[in-house]
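# Understanding the architecture of this molecule
The primary structure of each chain is shown beneath.
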Amino acid sequence: MKFLVDRMCGRLARWLRLIGFDTEYIDESKTIPEIVYQSLRDQRIILTRNRKMSLTKGYSVYFVQSENFVEQVKEVINCLLYTSPSPRDLSTSRMPSSA
């Protein structure tokens, strides 16, 4: 699984790399269309805390709910690697709300 992580989750990007995931960090100069293009071109899942970006359909994106990077790592591993459909289906998939 390959990830494209926005600036709101910078520490998450670092830790995903450290544990062996193919992860790229998006610098703040890129626009949303540029980020989407890169994710489609490189077949990467966008990890973001930007709610607007996470609600758009047509590309693989995951809204990271936690603000704590340790919890973000757990969230991504638990939700994307163990409970999600294939990456192609993630554009319609969102993390289940905690009840």
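For the structure given in this document, a descriptive report is provided here. (Residues numbered from 1 in each chain as written. Predicted model: local features only at pLDDT ≥ 70, side-chain atom pairs only at ≥ 80, totals over all residues. Heavy atoms only, no water.)

Our next topic: the packing of aromatic side chains. Applying the stated criterion across every chain, the model contains two aromatic pairs. Taking the centre distance of 5.7 Å and the plane angle of 65° together, the rings of Phe-3 and Phe-21 count as edge-to-face. Pair noted here: Phe-3 is in strand β1 (residues 2–5) and Phe-21 is in the loop between α1 (10–18) and β2 (22–25), with a separation of 18 residues, a long-range link. Their ring planes at 25° and their centres at 5.9 Å tell us that Trp-15 and Phe-69 sit as a pair that is stacked. (Phe/Tyr/Trp six-rings, centres within 6.5 Å; stacked < 30°, edge-to-face > 60°. Helix = DSSP H or I, 4+ residues; strand = E, 2+ residues; numbered from the N terminus.)

Relative to the elements of secondary structure, Arg-44 occurs in the loop between α2 (32–42) and β3 (45–48). Side chain to side chain, Arg-44 and Glu-24 meet in a polar contact 3.2 Å long. The residues touching Arg-44, leaving out its near neighbours within four places in the chain, are Lys-2, Phe-3, Leu-4, Asp-22, Thr-23, Glu-24, Ser-39 and Ser-60. (Polar contact = N/O pair within 3.5 Å; in protein donor to acceptor, adjacent residues only side chain to side chain. Contact = heavy atoms within 4.5 Å.)

For the rest of this paragraph, the subject is the nonpolar core. Counting residues in each nonpolar core, the largest one holds 14 residues, and the members touching the most others are Phe-3, Leu-12, Leu-47, Tyr-62, Val-64 and Val-76. The dominant element in this core, judged by the number of residues it contributes, is helix α4 (residues 69–81), at four residues. Contacts of Val-64, omitting those with residues within four sequence positions, involve Cys-9, Leu-12, Leu-47, Thr-48, Arg-49, Gln-72, Glu-75 and Val-76. Counting residues in hydrophobic clusters, the runner-up holds eight residues, among them Val-36, Ile-46, Met-53 and Val-61. (Core = buried A, V, L, I, M, F, W, Y, C linked by side-chain atoms within 4.5 Å. Buried < 20%, exposed > 50% of the residue type's maximum accessible area, 1.4 Å probe, protein only.)

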